[in-house]
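Chain by chain, the residues:
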Amino acid sequence: MGILDLTAVELGEKIRIGEVGVEEALETVAERIQEREEKLRCYVTLDLEGARAKARLLQKRIQDGEASGPLAGVPFAVKDNLCTKGVRTTCGSRILEGFVPPYDATVVHNLEKAGALILGKTNLDEFGMGNTTERSLAGATHNPWDEERSAGGSSGGSAAAVASGECFAALGTDTGGSIRQPASHCGLVGLKPTYGTVSRYGLIAYCSSMDQAGSITKDVKDCAAVMEAIASYDEKDATSIKRDALDLQSALTEGVRGLRIGIPKDYFGRELQPEVEHAIRAAAEELKAQGAIVEEFELGFVRYAVPTYYTIACAEASSNLERYDGMKYGLREAGKDLHDTYRQTRAKGFGEEVKRRIMLGTFSLSEGYYEQYYLKAMKARRLIKNSFDEAFQSYDLLLGPVAPTTAPHLGAMGEDPIQAYLADIYTVPANLAGIPAMSLPCGRDRQWLPIGLQLMANRFQERTIFRAAAAWEKAFYGFQRAKLGQHDK
Ligand code: GLN
């Protein structure tokens, strides 16, 4: 088994005992990047030289016992909407041209404190608005399992980088599914934690009431290790929550006996690809065989989730993106006067989808329409949250698909934004309710494309997700592991 076949935690262990050097691990990944990056385009910015300099220091810190965590020395990638001190951060947008953050996002800081070696910034749809990475200024990322297809989005660069061996694990962000959906399309584990668990300080805002950073990894154990490293209370983020230190590792061996699992019927609509449904139901059967109590039920309100999500997300985006006026940072297109400079800068700096959302958001927040759209969406959000609260009275865990289909062909979403928005139907409810949700591999379709299983739990109940995820993964073990990093159909 080569270095690239190892999970992040396995590699961390080998580095710790001196079997693999930090530089050796880095050069192995650098070689893989050399081979595949031109086609896959996972990264917007690569900083291999910076990583090389850090690798030498890290090796010494590890040998001196100063960096002893499970991720010390492991090559990571970070989504390009997370600020990295001294390394340009683009959000996939022209409007941030030339922006080099003077500080690190708290998640990035936490990851580096754990000894992770960050190689670069990964591709995303502009400001996280999309689900294929086709909305990135840098162009689309390709799926390592089928290069004609999308790696998903918006954290598609992070997912493709992990799946192809261009890093061992990555950070993504999830406002409406952007960690879970690319993880699903690339055969990986992705977790969006409970809102408030991971600091948003330094995460460039799209929709602040739903944005949350999390991990994309090769397996559940890696996911636990990364989450334990990045979760923290942060007074720099007003919505950060003081939680006890996450202990997820110990949940991995607890099993699912007695766990009450609900399957929302609303997650199995006509839009669902039959092979995906089949794989999800098979996973539910397996957990039942392992002692879980599995039942179908009606969650309700899910069909309102997409319009509710897009109304709120666009409203918040229109306000959050006001700051890009050519004055403080990023692009400036000089106009005749101040207002013309604003106009020119924003007209040239933002892509079409971002402009559409700013306009929709501004509309739904304006006088006369506010009650009709924004306020109504906020009420619907409350009803959706209430239905989850009610469901969690009867169930510990909810199980369903992540996305209606496996990875689409690049270009297949066409120009119709509604078609793309509808593909988020199974992921946005968790963001509206602020609950944790994980995507993990559970099979392949006839094209040998990965299928993702989604597990959702009540707020702060990540451990329950990890119990079931580890139990399922064990049953499923070996299926995709053996093929990670290879383009093998
Ligand atoms: N696809 C969704 C959107 O476009 C979710 C994006 C995200 O989670 N960042 O808003």
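This text goes with the structure placed above it.
The paragraphs below set out a description of the structure included in this document.

Cut-offs used in this document
- Residues numbered from 1 in each chain as written.
- Predicted model: local features only at pLDDT ≥ 70, side-chain atom pairs only at ≥ 80, totals over all residues.
- Heavy atoms only, no water.
- Buried < 20%, exposed > 50% of the residue type's maximum accessible area, 1.4 Å probe, protein only.
- Helix = DSSP H or I, 4+ residues; strand = E, 2+ residues; numbered from the N terminus.
- Polar contact = N/O pair within 3.5 Å; in protein donor to acceptor, adjacent residues only side chain to side chain.
- Near = heavy atom within 4 Å.
- Areas by Shrake-Rupley, 256 points an atom, 1.4 Å probe, with all protein chains shown as cover.
- 1 Å grid on protein atoms, 1.4 Å probe; cavity = no way out; pocket = protein on both sides within 12 Å on 5 of 7 lines; lining within 4 Å.
- Sits in = over half its atoms within 2 Å of the grid points.
- Nonpolar A, V, L, I, M, F, W, Y, C, P; charged D, E, K, R; others polar.
- Contact = heavy atoms within 4.5 Å.
- Pairing = 2+ DSSP bridges.
- Axes fitted to C-alpha atoms, helices over the stretch in contact; angles between N-to-C directions.
- Parallel < 35°, antiparallel > 145°, perpendicular 65-115°, else oblique.
- Lys, Arg positive; Asp, Glu negative; His and termini not counted.
- Salt bridge = Lys/Arg side-chain N within 4 Å of Asp/Glu carboxyl O.
- Right-handed = clockwise from strand over helix to strand, strands pointing away.
- Core = buried A, V, L, I, M, F, W, Y, C linked by side-chain atoms within 4.5 Å.

Things to note about helix α7 (residues 220–230)
Right, so step 1: Within α7, 8 of the 11 residues are buried, which leaves the element mostly enclosed by the surrounding structure.
Right, so step 2: For α7, the full list of buried residues reads Val-220, Asp-222, Cys-223, Ala-224, Ala-225, Val-226, Met-227 and Ile-230.
Right, so step 3: Its side-chain oxygen at 3.4 Å from the backbone nitrogen of Lys-221, Asp-219 defines the N-terminal cap of α7.

Quick look at the site of the ligand
Right, so step 1: Neighbouring residues of the ligand: 15 residues in total, closest Thr-175, Gly-176, Ser-178, Tyr-206 and Tyr-309.
Right, so step 2: Contacts to the ligand include Tyr-309, whose side-chain N or O atom sits 2.7 Å from an oxygen atom.
Right, so step 3: Contact distances for the ligand include 3.4 Å between an oxygen atom and a side-chain N or O atom of Tyr-310.
Right, so step 4: For the ligand, the protein covers 99% of the area, taking 290 Å² as the surface of the free molecule.
Right, so step 5: A majority-of-atoms criterion places the ligand in the second largest cavity.
Right, so step 6: Here the residues of the shell around the ligand are counted per class, giving 4 nonpolar, 8 polar and 3 charged.

Structural notes on the environment of Arg-260
Right, so step 1: Residue placement: Arg-260 occurs in strand β9 (residues 260–264).
Right, so step 2: Taking the C-alpha atoms as reference points, Arg-260 and Glu-126, separated by 134 residues in sequence, lie 39 Å from one another.
Right, so step 3: Filtering out sequence-adjacent residues up to four positions away, Arg-260 remains in contact with Ile-293, Gln-393, Ser-394, Tyr-395, Asp-396 and Leu-397.

Here we look at the pairing of strand β6 (residues 169–173)
Side-chain direction in a regular strand flips from residue to residue, so the side chains alternate between the two faces of the sheet.
Right, so step 1: Where burial is concerned, most of β6 is hidden: 5 out of the 5 residues are buried.
Right, so step 2: Along β6, one buried face is formed by Ala-169, Leu-171 and Thr-173 and the opposite face, lined by Ala-170 and Gly-172, is buried too.
Right, so step 3: Where strand β2 (residues 75–79) meets β6, 3 bridges bridge the pair, whose relative direction is parallel. Its bridge partner lying in β6, Ala-77 is registered against Ala-170.

As for the packing of helix α8 (residues 274–289) against helix α15 (residues 462–476)
Right, so step 1: Look at α8 against α15: their axes get within 10 Å of each other, and the N-to-C directions meet at 105 degrees. Taken together, α8 and α15 sit at an angle that is classed as roughly perpendicular. Side by side, α8 and α15 meet where Ala-283, Glu-286 and Leu-287 of the first sit next to Ala-468, Ala-471, Trp-472 and Ala-475 of the second.
Right, so step 2: Partitioned by chemical class, the residues of the contact of α8 with α15 number 6 nonpolar, no polar and 1 charged.

Describing the side chain of Glu-316
Right, so step 1: Here Glu-316 lies in helix α9 (residues 305–320).
Right, so step 2: For the buried Glu-316, no salt bridge is present, and the opposite-charge side chain at shortest range is Arg-381, 4.5 Å distant.
Right, so step 3: A distance of 2.6 Å separates a polar atom in the side chain of Glu-316 from a polar atom in the side chain of Ser-209.
Right, so step 4: When near neighbours in sequence (up to four residues on either side) are disregarded, Glu-316 contacts Tyr-206, Cys-207, Ser-208 and Ser-209.

Some details on the pairing of strand β10 (residues 293–297)
Right, so step 1: As paired elements, β9 and β10 share 5 bridges and run parallel to each other. In the sheet register, Ile-263 faces β10, and the bridge partner there is Glu-296.
Right, so step 2: The parallel pair β9 and β10, bridged by α8, forms a crossover whose chirality is right-handed.

A closer look at the nonpolar core
Right, so step 1: Membership of the largest hydrophobic core comes to 146 residues, with the highest contact counts inside it found for Phe-127, Phe-388 and Phe-466.
Right, so step 2: Among the elements that make up this core, the one with the highest residue count is α15 (8 residues).
Right, so step 3: In this view, Phe-466 contacts Leu-191, Val-220, Cys-223, Ala-224, Leu-248, Ala-251, Leu-252 and Met-438; residues no more than four positions away in its chain are not counted.

Observations regarding the pattern of salt bridges
Right, so step 1: On inspection of all chains with the given rule, the structure shows 30 salt bridges.
Right, so step 2: For Asp-396, the salt bridge identified is with Arg-260, shortest N-O distance 3.0 Å. Remark: Arg-260 occurs in strand β9 and Asp-396 occurs in the loop between α12 (371–394) and β11 (397–401); sequence separation between them is 136 residues.
Right, so step 3: Residue class for Asp-396 comes out partly exposed when judged on its relative accessible area of 24%.
Right, so step 4: Residue classification places Arg-260 among the partly exposed positions, given a relative accessible area of 31%.
Right, so step 5: Between Arg-281 and Glu-296 there is a salt bridge, with its nearest N and O atoms 3.2 Å apart. Separated by 15 residues along the polypeptide, Arg-281 in helix α8 and Glu-296 in strand β10 bring together distant segments of the chain.
Right, so step 6: The exposure class of Arg-281 is partly exposed, given its relative accessible area of 28%.
Right, so step 7: Put simply, Arg-135, Glu-353, Arg-356 and Arg-357 are held in one network by salt bridges that share partners.

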